[in-house]
Amino acid sequence: EVVHALFPHVPGRPIKDYVSAPKPNGYQSLHSAMMLGELRAEVQVRTTEMHRYAEHGKASHWLYKSEDGRPVHEWLQLSESFGID
């Protein structure tokens, strides 16, 4: 509501609430698109902990973005050894 009080919502783009309904991998965030004059922008709202999990936890994209194509079990072993949830 705060963002849309300042900037109009992009028509036809739903607000995505992954906080009350997290993705299966545990990802949590609020996503919304808005208009900044003629430009479209997306805002993602999350806590510090949500951000850490999104960037470094099981919800992170590094596994399928990595060039070496590490298998999932290697990632799980690494995450457990570093205490990443």
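Everything in this summary refers to the structure shown in the same document. Fair warning: this is a prediction, and the values are worked out from it, not measured in the lab.

1. Remarks on the pairing of strand E3 (residues 39–45)
And then number 1: Sheet topology places strand E2 (residues 30–36) next to E3; 7 bridges connect them, and they run antiparallel. From the neighbouring strand, alanine 33 faces E3, where its bridge partner is glutamate 42.
And then number 2: Linkage of E2 to E3, two consecutive antiparallel strands, is achieved through a turn of 2 residues, within which glycine 37 is found at a positive phi near 70°.

2. What to know about the packing of aromatic side chains
And then number 1: Within this structure, the stated rule accounts for 1 aromatic pair.
And then number 2: For the ring pair tyrosine 18 and tyrosine 27, a centre distance of 5.9 Å and an interplane angle of 65° mean the geometry is edge-to-face.
And then number 3: Its relative accessible area of 10% is what places tyrosine 27 among the buried residues.

The rules behind these values
- Residues numbered from 1 in each chain as written.
- Predicted model: local features only at pLDDT ≥ 70, side-chain atom pairs only at ≥ 80, totals over all residues.
- Heavy atoms only, no water.
- Pairing = 2+ DSSP bridges.
- Helix = DSSP H or I, 4+ residues; strand = E, 2+ residues; numbered from the N terminus.
- Phe/Tyr/Trp six-rings, centres within 6.5 Å; stacked < 30°, edge-to-face > 60°.
- Buried < 20%, exposed > 50% of the residue type's maximum accessible area, 1.4 Å probe, protein only.

On their own, these measurements won't tell you what the molecule is for.
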